[in-house]
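Residue-level listing of the chains:
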Amino acid sequence: MAEKKTTAAKKTPAKKEEKKKEEKKIRNAWLKYTEAQKKEAFDVSEGYKKFISHCKTERECVDEVVRQAQAAGYKDLFSVKKVKPGDKLYAVNMGKAVVLFVAGERPLEDGMKILGAHIDSPRIDIKQIPLYEEAEMAFLDTHYYGGIKKYQWVTLPLAIHGVFVKKDGTKVNVSVGEKENDPVVGISDLLVHLSADQMKKTASKVVEGEDLNVNVGSIPLKDEEKEAVKKNVLDILKEQYGVEEDDFISAELEVVPAGAARDYGLDRSMVYGYGQDDRVCAYTSMLALFALEKIDRTAVCILVDKEEVGSIGATGMHSKFFENVVAELMDRMGDYSELKLRRALANSVMLSSDVSAAFDPNYPGVNEKKNTAYFAHGLVFNKYTGSRGKSGCNDANAEFMAAIRAALEKHGVTFQTSELGKVDQGGGGTIAYIMAQYNMQVIDSGVPVLNMHAPWEITSKADVYEAKRGYEAFLKEM
């Protein structure tokens, strides 16, 4: 009997290894989940839906991230004088970007483990001198932000989010169109009965950028001979927000789709919502960092602005803000030098967490099927992005990819690899190449998205869940 037990015991590891191999062959994550894991995946997406429903601008994202960080015990880096291992810290850049840290046991010059995502999304911005009247209707003139198909933004219920800043520095937050009893605004389209000439235009010209004028009112103010509708709108703004027409000059107002994120599909397996590029990676990166209690090398979550327009400006990844904040952190650890700062950056590893294009069976011709991302196949890795001959890409090293594979497989994370469409079909970029300039190891990773850059985007709850798990594995193992 003893011999039989020994034989059975010897077979157990082999059976476990065989089971792991069989699980690896199953690409659809839903087929791997226990009921408990499936519930957890759905629970993660409930929090995610609330996040993207309430955070439709980069400022709103930063406010919510800071709120959750403070609830999790994080402190403002600039409010502390000394930092020790295990400390949880955050730093905000102009209200539109934020960096979170969990201080590690090892010196900062040994490098950091970084998750980086962006919190700006394609939208329509209000111009500095926007309000005008035409044919007894009031409009706001706009300038679209990021890569959009302009025709997708007409005939939709739209909301206005943002801030007025008065000359005395007073900030007035604006959010119109989200509450059940709020009015919405919108952009009209030409009726089909009169669109014979319009329908002959190419898709890029069927709606022009200068025609994305937002209708905000049609009631004239009594006893006013000129621009009576415009004046009525100004009266409403004065009454509700205390702002004047000149205050538009120092305002940041964004027009976004009105309404909350929702479950998508009869099986509720997907999330339908605005701004998932790239708030899906921002949210899961934040959760992964919050899950840490202590870490060997300092863990970081960077959430930046302006990626959709080239990562420029003071709040984009090209800014020196992150480098400066790392210097401040090192100083508070009592070990700052310029050389050690350079070593800290060069010795770091990073997942540039941005979304990838999900395979769409309605448009299969733009993808090479072996090298594309599929819904519910997990976290996506793009070894390189860019366009055409890898122009503008960050081409990650094979050694780095191998180390990541090992980390993910150790934690049972479902993942896949992808390219952004066929070689000459198009392309895109992320913040990866910017951080790689520090000589750190960087690779693109993220969640597959349908309808990317459209007003309403779609993700799989399984992929959202695997992104969170994958980012946790990266922080634990790398």
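Residues numbered from 1 in each chain as written. Predicted model: local features only at pLDDT ≥ 70, side-chain atom pairs only at ≥ 80, totals over all residues. Heavy atoms only, no water.

1. Thoughts on the nonpolar core
Applied cut-off: Buried Ala, Val, Leu, Ile, Met, Phe, Trp, Tyr and Cys residues that are joined via side-chain atoms within 4.5 Å together make up what is termed a nonpolar core. Burial classes follow relative accessibility: with a 1.4 Å probe on protein chains only, a residue under 20% of its type's maximum area counts as buried, one over 50% as exposed, and anything between as partly exposed. Only runs of H or I of at least four residues qualify as helices and only runs of E of at least two qualify as strands under DSSP, and these elements are numbered from the N terminus. Every residue pair with non-hydrogen atoms within 4.5 Å of one another is taken to be in contact.
Counting 62 residues, the largest nonpolar core has Leu100, Leu289 and Ile404 as the members making the most contacts within it. When residues of this core are assigned to their parent elements, the largest contribution, nine residues, is made by helix H5 (residues 276–290). Setting aside residues up to four positions removed in sequence, Leu100 forms contacts with Val65, Ala69, Tyr74, Leu89, Tyr90, Met286, Leu289, Phe290, Ala299, Val300 and Cys301. Listed in part, the 35 residues of the second largest apolar core include Val207, Leu212, Leu234 and Val243.

2. Some details on the sheet that holds strand S11 (residues 262–264)
Inclusion rule: Whether two strands pair depends on DSSP finding at least two bridges between them. Between N-to-C directions, angles cover 0 to 180 degrees, with each direction set by a line fitted to C-alpha atoms, over the stretch in contact for helices.
The three strands lie next to each other as S11-S12-S22, forming an open sheet whose pairing is antiparallel. The sheet is open, and its two edges are formed by S11 and strand S22 (457–460), each paired on a single side. When strand polarity is set aside, the average angle formed by the axes of neighbouring strands in this sheet is 35°. Two strands pair when backbone bridges link them, and strand S12 (residues 270–273) and S22 are joined in this way by four bridges, in the antiparallel orientation. The residue bridging Gly273 from the neighbouring strand is Glu457, located in S22. Where helix H2 (residues 35–54) meets the sheet, its contacts fall on S11, S12 and S22, and the angle it forms with S12 comes to roughly 5°.

3. Some words on the sheet that holds strand S2 (residues 88–93)
One open sheet holds the nine strands; their spatial order is S1-S2-S3-S13-S4-S14-S20-S16-S18, and the pairing between them is mixed. Looking along the sheet, the strands with just one partner apiece sit at the ends: strand S1 (75–76) and strand S18 (415–417). Two elements, strand S16 (residues 379–382) and strand S20 (residues 441–446), share three bridges in a ladder whose sense is antiparallel. Bridging across to S20, Asn382 finds its partner in Asp444. Most of the contacts of helix H8 (residues 398–410) go to S20, to which it runs at about 50°, and overall it touches strand S14 (349–353), S16, S18 and S20. Sitting on the sheet, helix H10 (residues 461–477) is in contact with strand S4 (113–118), strand S13 (299–304), S14, S16 and S20, with an inclination near 150° to S4.

4. Some thoughts on a nonpolar patch on the surface
Note the threshold: Excluding any residue in a salt bridge, patches collect residues exceeding 30% relative accessible area, merging like charges within 9 Å and nonpolar Val, Leu, Ile, Met, Phe, Trp and Tyr side chains within 5 Å. Here the open area of atoms and residues is found with the Shrake-Rupley method and a 1.4 Å probe, where only the protein chains shown may cover a residue. Put simply, a salt bridge is a Lys or Arg side-chain nitrogen that is within 4 Å of an Asp or Glu carboxyl oxygen.
On the surface, a cluster of nonpolar side chains totalling about 290 Å² of accessible area is made up of Leu190, Leu191 and Leu194. With respect to the helices, strands and loops of the structure, Leu191 is situated in the loop between strand S8 (171–176) and strand S9 (214–217). Residue Leu191 is classed as partly exposed on the basis of its relative accessible area, which comes to 43%.

5. Notes on unusual backbone geometry
Of the consecutive residues Asp277 and Asp278, the connecting peptide bond is found in the cis state with omega at 15°. By the element assignment, Asp278 lies in helix H5. Located in the positive-phi region is Ala376, a residue other than glycine, with phi close to 70°. Position of Ala376 among the secondary structure elements: in the loop between strand S15 (356–357) and S16.

6. Points about the pattern of salt bridges
According to the stated counting rule, one finds 34 salt bridges in the structure shown. Residues Glu245 and Lys230 are paired through a salt bridge, measuring 2.9 Å at the closest nitrogen-oxygen approach. Highlighted residues: Glu245 in the loop between helix H4 (228–241) and strand S10 (251–257) and Lys230 in helix H4, separated in sequence by 15 residues. Since its relative accessible area comes to 10%, Lys230 is described here as buried. Note that Glu244 and Lys238 form a salt bridge whose closest N and O atoms lie 2.5 Å from each other. In this structure, a network of salt bridges that share partners links the residues Glu46, Lys49, Asp263, Arg268 and Lys461.

7. Some details on the packing of H2 against H10
To be explicit about the condition: Geometric relationships in this document are graded by angle, where less than 35 degrees denotes roughly parallel, more than 145 denotes roughly antiparallel, 65 to 115 denotes roughly perpendicular, and other angles denote oblique.
Where H2 meets H10, the axes come as close as 9 Å, and the angle between the chain directions of the two elements is 90°. When the interaxial angle is binned, H2 and H10 end up roughly perpendicular. Every residue of H10 that contacts H2 at Gln37, Glu40, Ala41, Phe42, Val44, Ser45, Glu46 and Tyr48 is listed here: Lys461, Val464, Tyr465 and Lys468.

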